[in-house]
Amino acid sequence: MKISVICGSSRKQAQSLKVSRFIEKTLADNGLCDETWLFALTGNPLPLWDEAIWDGDPGWKALLDPLSEQLAASDAFVVVSPEWHGQVPSALKNFFLMWGKGELAHKPALIVTVSSADGGAYPVAELRMSSYKNNRICYIPEQIIVRNVESVLNDDPALNDPDADAYFRDRILYALRILREYAAALKKVRETGVTDPGVYKNGM
Ligand SMILES: Cc1cc2nc3c(=O)[nH]c(=O)nc-3n(C[C@H](O)[C@H](O)[C@H](O)COP(=O)(O)O)c2cc1C
């Protein structure tokens, strides 16, 4: 089983990247999957979507094909998003425009949002409302909102609020265990063939 972590912050010193790396390590340390892949939108590796993608532009293909392979080989995803101005960063919304050929389809995803204060609810709502229609990613009902992120999940214990840090470490492991079971279950759903993306290319 392969679980991929998508880090939605384009900031170079992003706390979301710290959280993403912690999640990747938690997956590996607890044997929750055979393989992980972390794709970070640090520094905006993806240009803004344009129509040349539809025309098979060689530049876009060279950029996207290796990523498509990684995503298509994944059984589940963790989508990590900071809250920026009460929204999901545009880099992450742009990411979701790229994958409509079944790479993410009918695969479970855990939403993890990140705030330096007590925010984090808005990107959960936004992802659940508007990021899945054509790529058909399946957000599981569990979610993680990492509030006051600077004071948790740091490698240096001196930087952590002990109670909050212990809570988030435990809660993230709990959610990842659930994600793993959804991944096993939804693989069976895909294997039935009823989700064939060739039937209705886009969601309604
Ligand atoms: C452009 C921008 C807008 C932000 N807006 C919010 C916000 O609306 N609510 C919030 O809780 N935090 C906000 N923050 C702070 C983030 O929560 C903080 O940067 C946190 O570390 C997560 O973002 P990061 O992964 O990019 O570091 C904002 C940060 C940036 C860079």
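Residues numbered from 1 in each chain as written. Predicted model: local features only at pLDDT ≥ 70, side-chain atom pairs only at ≥ 80, totals over all residues. Heavy atoms only, no water.

Visitor: Tell me what's going on with the sheet that holds strand E5 (residues 138-146), and back it up with residues and numbers.
Guide: Read across the sheet, 5 strands follow the order E2-E1-E3-E4-E5 without closing on themselves; strand pairing throughout is parallel. For this open sheet the edge positions go to strand E2 (35-40) and E5, each flanked by a neighbour on one side alone. Here the average twist between neighbouring strands, direction ignored, is 15 degrees. Bridging between strand E1 (residues 2-7) and strand E3 (residues 76-82) involves 5 bridges; their strand directions are parallel. The residue bridging Ile 3 from the neighbouring strand is Ala 76, located in E3. Packed on one face of the sheet, helix H4 (residues 121-130) meets E3, strand E4 (108-114) and E5 and runs near 170 degrees to E5. (Pairing = 2+ DSSP bridges. Helix = DSSP H or I, 4+ residues; strand = E, 2+ residues; numbered from the N terminus. Axes fitted to C-alpha atoms, helices over the stretch in contact; angles between N-to-C directions. Contact = heavy atoms within 4.5 Å.)

Visitor: Would you mind going over the pairing of E3 in detail, with residue names and values included?
Guide: In terms of burial, E3 is largely enclosed, as 7 of its 7 residues are buried. As paired elements, E3 and E4 share 6 bridges and run parallel to each other. The residue bridging Phe 77 from the neighbouring strand is Ala 109, located in E4. Crossover connection from E3 via helix H3 (residues 90-97) to parallel E4: handedness right-handed. (Buried < 20%, exposed > 50% of the residue type's maximum accessible area, 1.4 Å probe, protein only. Right-handed = clockwise from strand over helix to strand, strands pointing away.)

Visitor: Provide a residue-level description of the layout of surface pockets, including the pertinent values.
Guide: Take a probe with the size of a water molecule and roll it over the atoms, and the empty space left behind shows itself. In this structure, the largest pocket occupies an estimated 700 Å³ of space. Taken together, 27 residues line the largest pocket, and the ones lying closest to its centre are Trp 54, Leu 97, Met 98, Trp 99 and Gly 100. The set of elements that each furnish at least two residues to the lining of the largest pocket consists of helix H2 (58-72), H3 and H4. No other element matches H2, which puts 5 residues into the lining of the largest pocket. Among the residues forming the lining of the largest pocket, the class breakdown is 11 nonpolar, 8 polar and 8 charged. Of the pockets and cavities examined, the second largest pocket occupies roughly 250 Å³. As for the second largest pocket, its lining consists of Lys 18, Arg 21, Phe 22, Lys 25, Thr 26, Asp 29, Asn 30, Leu 153, Asn 154, Asp 155, Arg 169 and Leu 173. Going through the elements one at a time, helix H1 (15-29) and helix H5 (162-191) are the ones with two or more residues in the lining of the second largest pocket. With 6 residues, H1 is the single largest residue contributor to the lining of the second largest pocket. Counted by class, the lining of the second largest pocket contains 3 nonpolar, 3 polar and 6 charged residues. (1 Å grid on protein atoms, 1.4 Å probe; cavity = no way out; pocket = protein on both sides within 12 Å on 5 of 7 lines; lining within 4 Å. Points joined across faces, edges and corners; volume = space filled by probe spheres on them. Nonpolar A, V, L, I, M, F, W, Y, C, P; charged D, E, K, R; others polar.)

Visitor: Talk me through the packing of aromatic side chains; I want residue IDs and the actual numbers.
Guide: Scanning all chains against the criterion turns up 6 aromatic pairs. For the ring pair Trp 37 and Phe 39, a centre distance of 5.4 Å and an interplane angle of 10 degrees mean the geometry is stacked. In this structure Trp 37 comes out as buried when scored by relative accessible area, which is 15%. Residue class for Phe 39 comes out buried when judged on its relative accessible area of 9%. Note on Tyr 167 and Phe 168: the rings are 5.3 Å apart at their centroids and 70 degrees apart in plane angle, and the pair reads as edge-to-face. Among the residues examined, Tyr 167 registers a relative accessible area of 44% and is labelled partly exposed. Ring pairing ties together the aromatic residues Trp 37, Phe 39, Phe 95, Phe 96 and Trp 99, which thus form one cluster. (Phe/Tyr/Trp six-rings, centres within 6.5 Å; stacked < 30°, edge-to-face > 60°.)

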